[in-house]
Amino acid sequence: MYKAKAQSVSMQCDVRGKNLDDAEMDVDKYLDDAYIAGLKEVTIIHGRGEGILKDGLGNLFRRQKHVDFYRKGKYNEGGEGVTIVTLKE
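Just so it is clear, the structure is predicted and the values come from calculations on it, not from any experiment.

Criteria and cut-off values
Residues numbered from 1 in each chain as written. Predicted model: local features only at pLDDT ≥ 70, side-chain atom pairs only at ≥ 80, totals over all residues. Heavy atoms only, no water. Helix = DSSP H or I, 4+ residues; strand = E, 2+ residues; numbered from the N terminus. Contact = heavy atoms within 4.5 Å. Axes fitted to C-alpha atoms, helices over the stretch in contact; angles between N-to-C directions. Parallel < 35°, antiparallel > 145°, perpendicular 65-115°, else oblique. Left-handed = near helix turned anticlockwise from the far one by under 90°. Nonpolar A, V, L, I, M, F, W, Y, C, P; charged D, E, K, R; others polar. Salt bridge = Lys/Arg side-chain N within 4 Å of Asp/Glu carboxyl O. Buried < 20%, exposed > 50% of the residue type's maximum accessible area, 1.4 Å probe, protein only. Phe/Tyr/Trp six-rings, centres within 6.5 Å; stacked < 30°, edge-to-face > 60°. Expected span 1.5 Å × (residues − 1). Polar contact = N/O pair within 3.5 Å; in protein donor to acceptor, adjacent residues only side chain to side chain.

Enquirer: What should I look at first to understand the overall build of the protein in this one?
Expert: Of regular secondary structure, the protein possesses three helices and four strands. Mapped from its N terminus to its C terminus, the protein presents α and β elements in the order α-β-α-β-α-β-β. The principal-axis extent of the C-alpha atoms belonging to the protein is close to 40 × 30 × 20 Å. Sequence-distant contacts, at least 24 apart, represent 62% of the contacts inside the protein between residues at least 6 apart.

Below, the structure written as structure tokens:
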């Protein structure tokens, strides 16, 4: 199962256009899958908008058990529209 999961998990999760509840559920499951797959760093694409997804997902990252650190994306990574998440080992 782990091998199949590692091959199928993308390095990014795109939740643009979703409401906060749906985005939180998708990202929470994605982070679990990414952790199981052994990924070290992933990109969450939430878009810029009014910051609702960015702020809400920030709260999720603070309490998610697999997240070690998170930061906003640099200019060449997607800037304000993405969050880079480092997962625990």
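Enquirer: Quick question: what am I supposed to make of the packing of helix 2 (residues 20-37) against helix 3 (residues 52-63) here?
Expert: Two measures define how a pair of helices packs: the angle their axes make with one another and the distance between the axes. Put simply, helix 2 and helix 3 touch, their axes get as near as 10 Å, and they point 40° apart. Between helix 2 and helix 3, the angle is such that the two are oblique. Of the two possible hands of crossing, helix 2 and helix 3 adopt the one that is right-handed. Each of Leu20, Ala23, Glu24, Val27, Asp28 and Leu31 in helix 2 lies in contact with helix 3, whose residues at this interface are Ile52, Leu53, Gly56, Leu57, Leu60, Phe61 and Arg63. Looking at the contact of helix 2 with helix 3 residue by residue, the classes come out as nine nonpolar, one polar and three charged.

Enquirer: Just to check I follow, could you spell out the pattern of salt bridges for this structure?
Expert: Side-chain pairs of opposite charge can arise where the charged atoms are in close proximity. A complete count under the given rule lists six salt bridges for this structure. A salt bridge links Asp26 to Lys18, with the nearest nitrogen and oxygen atoms 2.3 Å apart. Relative accessible area serves as the criterion here: at 29%, Asp26 is assigned to the partly exposed category. You can call Lys18 partly exposed: its relative accessible area is 37%. In this structure, Lys72 engages Glu80 in a salt bridge whose closest nitrogen and oxygen atoms are separated by 3.0 Å. Residue classification places Glu80 among the partly exposed positions, given a relative accessible area of 33%.

Enquirer: So what exactly am I meant to see when it comes to the packing of aromatic side chains here?
Expert: With the rule as written, the count across this model stands at one aromatic pair. Judged by centre distance (5.2 Å) and plane angle (55°), the rings of Phe61 and Tyr70 are tilted.

Enquirer: Would you explain helix 2 in this entry?
Expert: Residue pairs three or four apart in sequence face the same way in an α-helix, which turns once every 3.6 residues. Helix length check: helix 2 (18 residues) gives 25 Å between terminal C-alpha atoms against 26 Å at 1.5 Å per residue, within 8%. One side-chain oxygen at the N-terminal end of helix 2 lies 3.2 Å from the backbone nitrogen of Asp21; it belongs to Asn19.

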